[in-house]
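So you can see what is in the structure, the chains are spelled out below.
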Amino acid sequence: MSAADRHWLKQALASLAQEAARSADTHLLRLELPAFPGIDFYFKDEASHPTGSLKHRLARSLFLYALCNGRLREGQGVIDASSGSTAISEAWFARLLGLRFQAVMPDCTAPAKVRLIHSLGAECVLVPAGVDASRLARERAADDGLCYLDQFGLAERATDWRGNNNIAESVLAQMAREPHPEPAWIVCGAGTGGTSATIGRYLRYRQLDTRTCVAEPTGGAFAHGWRTRSPAAVATAPTLIEGIGRPRVEPGFLFDVVDAVQEVDDADAIAGAWLLEDMLGRRYGGSSGTNLVACLALAEGMRERGERGSIVSLLCDRGERYAETLFDPGWLQAHGIALAPALQALRARLGTTPA
Ligand SMILES: *Cc1c(COP(=O)(O)O)cnc(C)c1O
């Protein structure tokens, strides 16, 4: 490595360390649900990262991983495949490091995400359903000498699984003074699978009884793959929920550290996102709604068995990104989602009255 290359690498790593020092950890919000006495619900607000989703952690890790593996140099363009959230965070970090960024995304990605990526000075390559975005990104990287960040390939290894303030370590530290500091369940979605892998491994490493549950759109590839342990599993139903519900098993799907999968229908997940707004006064996306509904199913089981304890989950991204999709009644109708009955059923299960 030339002296100039080494100098730039040090500066890039220093910029990322500065960014980490400026950023705070995310809040763990407690939800009171009167229908579940003795069961405490907590949601970690990953939407409060500077780039609005849990992918802020991943993007920082992917840039660090690329830099420390000697795969990213001064002036090199950067590319990745994404359903949007990762691309927003990667575009933000690329701008921080003075690098050009291209995002390869499905053409159905929420328009607000595309606008945000453009406003961060990055380029979007929108591909129709059925086109393998990861493969396209990899090919473009090879053809044009770009650095392929490869979130789907590297998510489960770019994060330090033994700690370093990974999301699991942070949750457990924030739970320390709660009535049930060792959660019964931690619930998350699976897009890259990185979050569930980090949580599942860390709980084992810390020798806790807490179990990991993946909340998955009904018919998603993770659900099928987890049941059969088959890397060839594919989704058997499409989903409107962005960030999770992958069409195929991704390299970061580590089935063996996941204890349960809860499948959630899109209408329930979307109703869940709407109810989170009622309960928390802020909007979160569809994967957060999916998590809420999965938590509810687990809590109903605990209540039936007379168990007490805590359930922790994540608010994955900001709901403002879905103003023209999940939060637009016209869009929902056009996509065959009957919101009103789903909201009513979910409110009854939660024991909340209409706002
Ligand atoms: C990526 C993503 C997830 C899933 O997290 P992974 O760590 O990639 O499995 C959930 N919700 C949203 C909004 C996401 O962008």
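Residues numbered from 1 in each chain as written. Predicted model: local features only at pLDDT ≥ 70, side-chain atom pairs only at ≥ 80, totals over all residues. Heavy atoms only, no water.

The name that an unreviewed UniProt entry assigns to the protein chain is cysteine synthase, with the source organism given as Arenimonas malthae CC-JY-1. Looking at the Pathway (unreviewed entry) heading of the UniProt record, one finds this comment for the protein chain: "Amino-acid biosynthesis; L-cysteine biosynthesis; L-cysteine from L-serine: step 2/2." (UniProt positions renumbered as here; feature names shortened; annotations may be inferred.)

Strand pairs in the sheet, formed through backbone hydrogen bonds, run parallel or antiparallel to each other. Across the sheet, which stays open at both edges, the six strands sit in the order 1-2-10-7-8-9 with mixed pairing between neighbours. Each edge of the open sheet is held by one strand with a lone partner, namely strand 1 (28-31) and strand 9 (260-264). This sheet shows a mean twist of 25° between the axes of neighbouring strands, independent of strand direction. By the bridge criterion, seven bridges tie strand 2 (residues 39-45) to strand 10 (residues 309-315) in an arrangement that is parallel. Its bridge partner lying in strand 10, Phe43 is registered against Ser313. Contacts from helix 7 (residues 167-174) reach strand 1, strand 2, strand 7 (185-188) and strand 10, with the element oriented near 135° to strand 2. (Pairing = 2+ DSSP bridges. Helix = DSSP H or I, 4+ residues; strand = E, 2+ residues; numbered from the N terminus. Axes fitted to C-alpha atoms, helices over the stretch in contact; angles between N-to-C directions. Contact = heavy atoms within 4.5 Å.)

Further remarks concern the state of the cysteines. Taken as a whole, this structure holds zero disulfides when the rule is applied. Note on Cys213: no disulfide assigned, nearest cysteine sulfur contributed by Cys295 at a separation of 7.8 Å. The class for Cys213 is buried, based on a relative accessible area of 0%. For Cys295, a relative accessible area of 1% puts it in the buried group. (Disulfide = S-S within 2.5 Å. Buried < 20%, exposed > 50% of the residue type's maximum accessible area, 1.4 Å probe, protein only.)

Of note, Lys10 is situated in helix 1 (residues 3-22). Each C-alpha atom, one on Lys10 and one on Leu67, is 9.4 Å from the other, the two residues being 57 residues apart in sequence.

Turning our attention to the UniProt feature "domain: Tryptophan synthase beta chain-like PALP" (unreviewed entry) in the protein chain. If you check UniProt for "domain: Tryptophan synthase beta chain-like PALP" (unreviewed entry), the listed places come out as residues 26-317 in our numbering. With 40% helix and 17% strand, the stretch residues 26-317 has end C-alpha atoms that lie 12 Å from each other.

Attention now goes to the nonpolar core. Here is a general trend for soluble globular proteins: nonpolar side chains tend to be buried in one another's company. Residues Phe41, Trp185, Val187 and Ile311 are the most contacted members of the largest nonpolar core, which totals 45 residues. Per-element accounting of this core gives the leading share, eight residues, to helix 11 (residues 286-304). Sequence-distant contacts of Ile311, defined by excluding residues within four places in its chain, comprise Ile39, Asp40, Phe41, Tyr42, Trp185, Val187, Cys295, Leu298, Ala299 and Met302. The next biggest cluster of nonpolar side chains, apart from the first, holds 33 residues, and it includes Leu72, Val78, Phe101 and Ala103. (Core = buried A, V, L, I, M, F, W, Y, C linked by side-chain atoms within 4.5 Å.)

Let us now look at the site of the ligand. Within the structure, the ligand sits among 15 residues, and Lys55, Gly191, Thr192, Thr195 and Ser287 are positioned closest to it. Ser85 places a polar side-chain atom, nitrogen or oxygen, 3.0 Å from an oxygen atom of the ligand. Between Ser287 and the ligand, the recorded distance is 2.7 Å, taken from a side-chain N or O atom to a nitrogen atom. Computed on the free molecule, the ligand has an accessible area of 370 Å², of which 97% lies beneath the protein chains in the complex. For the shell around the ligand, a count of residues per class yields four nonpolar, nine polar and two charged. (Near = heavy atom within 4 Å. Polar contact = N/O pair within 3.5 Å; in protein donor to acceptor, adjacent residues only side chain to side chain. Areas by Shrake-Rupley, 256 points an atom, 1.4 Å probe, with all protein chains shown as cover. Nonpolar A, V, L, I, M, F, W, Y, C, P; charged D, E, K, R; others polar.)

To continue, consider the pairing of strand 3 (residues 78-81). Side chains Val78 and Asp80 project from strand 3 onto one buried face, and the interleaved Ile79 and Ala81 project onto a second face that is buried too. Strand direction decides the pairing type here: strand 3 and strand 4 (residues 101-106), joined by four bridges, are parallel. Each residue of the ladder has a partner; that of Asp80, found in strand 4, is Ala103. Where strand 3 lies against strand 6 (residues 147-148), two bridges are found, and the strand directions are parallel. In the strand pairing of strand 6, Ile79 is matched with Tyr148.

What follows deals with the sheet that holds strand 4. The four strands lie next to each other as 5-4-3-6, forming an open sheet whose pairing is parallel. Here the strands that pair on one side only, and so sit at the sheet edges, are strand 5 (123-127) and strand 6. Pairing analysis gives five bridges linking strand 4 to strand 5, with the strands arranged parallel. Paired with Val104 across the two strands is Val125, which belongs to strand 5. Sheet contacts for helix 3 (residues 85-97): strand 3 and strand 4; angle to strand 4, the most-contacted strand, approximately 175°.

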